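Below are the chains, spelled out letter by letter.
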Amino acid sequence: MPKVAVGGTFQYLHDGHAKLIEKAFEIAGSGKVHIGLTSDEMLRKSHDVDSYENRRFRLLEYMKEIGIPEEKYEVTRLNDPCGPTLEEDFDYIIVSPETYPVALKINSIREKKEKKPLEIVYVEYVMAEDGTPISSTRIAQGEIDRHGRLKKEA
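So, a few notes on the structure that sits alongside this text. The structure presented is a predicted model; accordingly, all values stated were derived computationally and were not measured.

Membership of the largest hydrophobic core comes to 22 residues, with the highest contact counts inside it found for Ile21, Val33, Ile35, Leu59, Met63, Tyr73 and Ile94. Breaking this core down by element, the ones donating at least two residues are β1 (3–8), α1 (15–28), β2 (32–38), α2 (52–65) and β3 (73–78). Ranked by residues supplied to this core, first place goes to α1 with five residues. Grouped together as the second largest cluster of nonpolar side chains are nine residues, Ile93, Val95, Ala103 and Ile106 included.

Turning our eyes to something else, we now look at a nonpolar patch on the surface. Together, Tyr100, Leu104 and Tyr122 line one region of the surface with nonpolar side chains, adding up to about 270 Å² of accessible area. As for its position among the elements, tyrosine 122 is in strand β5 (residues 119–122).

Moving on to the packing of aromatic side chains. According to the stated counting rule, one finds two aromatic pairs in the structure shown. Here tyrosine 100 and tyrosine 122 contribute two aromatic rings whose centre-to-centre distance is 5.5 Å and whose plane-to-plane angle is 85 degrees, an arrangement assigned as edge-to-face. Note that tyrosine 100 is positioned in helix α3 (residues 100–112) and tyrosine 122 in strand β5, a separation of 22 residues in sequence. In this structure tyrosine 100 comes out as partly exposed when scored by relative accessible area, which is 31%. Sitting over the ring of tyrosine 52, arginine 77 keeps its end group 3.8 Å from the ring centre.

It is worth spelling out the sheet that holds strand β4 (residues 92–95) at this point. Ordered by their spatial adjacency, five strands build an open sheet running β3-β2-β1-β4-β5, and the pairing between neighbours is parallel. Single-partner strands in this sheet number two, and they are β3 and β5. Strand-to-strand twist of the sheet, defined as the mean angle between neighbouring strand axes without regard to direction, takes the value 25 degrees. For β4 and β5, the ladder comprises four bridges, and the chain directions are parallel. What sits directly across from tyrosine 92, in β5, is glutamate 119. On top of the sheet, α2 reaches β2 and β3; it is set at about 165 degrees to β3, its chief contact. Running over the sheet, α3 touches β4 and β5 and is turned about 175 degrees from β5.

Before going further, it helps to examine the pattern of salt bridges. One pass over the full model with this rule turns up 13 salt bridges. In this structure, lysine 32 and glutamate 74 form a salt bridge, with 3.6 Å as the shortest nitrogen-oxygen distance. Taken together, the positions of lysine 32 in strand β2 and glutamate 74 in strand β3 put the pair 42 residues apart, joining distant regions of the chain. For glutamate 74, a relative accessible area of 31% puts it in the partly exposed group. Put simply, lysine 116 and aspartate 91 hold a salt bridge, and the shortest N to O gap is 3.2 Å.

Residue pairs three or four apart in sequence face the same way in an α-helix, which turns once every 3.6 residues. Over its 14 residues, α1 extends 20 Å from the first C-alpha to the last, a length consistent with the 20 Å expected when each residue adds 1.5 Å. Listed in full, the buried residues belonging to α1 are Gly16, His17, Leu20, Ile21, Ala24, Phe25 and Ala28. As for α1, its buried residues are in contact with β1, β2, α2, β3, β4 and α4 (136–140). Glycine 29 sits one or two positions beyond α1 and adopts a positive phi of about 55 degrees.

Thresholds applied
- Residues numbered from 1 in each chain as written.
- Predicted model: local features only at pLDDT ≥ 70, side-chain atom pairs only at ≥ 80, totals over all residues.
- Heavy atoms only, no water.
- Core = buried A, V, L, I, M, F, W, Y, C linked by side-chain atoms within 4.5 Å.
- Buried < 20%, exposed > 50% of the residue type's maximum accessible area, 1.4 Å probe, protein only.
- Helix = DSSP H or I, 4+ residues; strand = E, 2+ residues; numbered from the N terminus.
- Patch = residues over 30% accessible without salt bridge, like charges linked within 9 Å, V, L, I, M, F, W, Y side chains within 5 Å.
- Areas by Shrake-Rupley, 256 points an atom, 1.4 Å probe, with all protein chains shown as cover.
- Salt bridge = Lys/Arg side-chain N within 4 Å of Asp/Glu carboxyl O.
- Phe/Tyr/Trp six-rings, centres within 6.5 Å; stacked < 30°, edge-to-face > 60°.
- Lys NZ or Arg CZ within 6 Å of the ring centre and 35° of its normal.
- Pairing = 2+ DSSP bridges.
- Axes fitted to C-alpha atoms, helices over the stretch in contact; angles between N-to-C directions.
- Contact = heavy atoms within 4.5 Å.
- Expected span 1.5 Å × (residues − 1).

Listed below in C-alpha cells is the structure:
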C-alpha cells in the first residue's frame, strides 16, 4: 500500500491545492496520504496567514467535503520543509513547481542516509483566468478568488 506525502501552508484551499490533494489520493490508491501542514513557526509569507489550528480545521473540513474517509489520511505539523520524509519510509511525494526543489533536497538527504528515494510526482500550477498561477498570495491581495477568477483589474 503506497505511502504518499504532500505538504503546504494551505492558507486558502484553492484549486491548485485541490489538484495536489486529488493527485495524492489518486497515487495512494488503497494506501495512505500524509499531509504536512506548515507550522506557524515555519511561515515566512508576504501576507497574513491564519494560525496553524485554523488552517488545520479548514483542511479537515475540506477533506470531509470531498468525501475522503479519515483513515485514508493523516495531517502532521511541518516544522521544517522536509518533515517526516527524511526518517520515515514514503513511496511518493507530490509537489508543485514551487515545492519541487524541496523534493530534490529530500531525496539527496535520503540518499546520504542510504534510504530509497521518493518517487516525485510533479503537478503543474493551476492557472487563473489571466494565465498566471493561482496562489494564496494573489488571493490575499484580492486579485483572484480560490478558483482563479479575476476580482479586479490587475
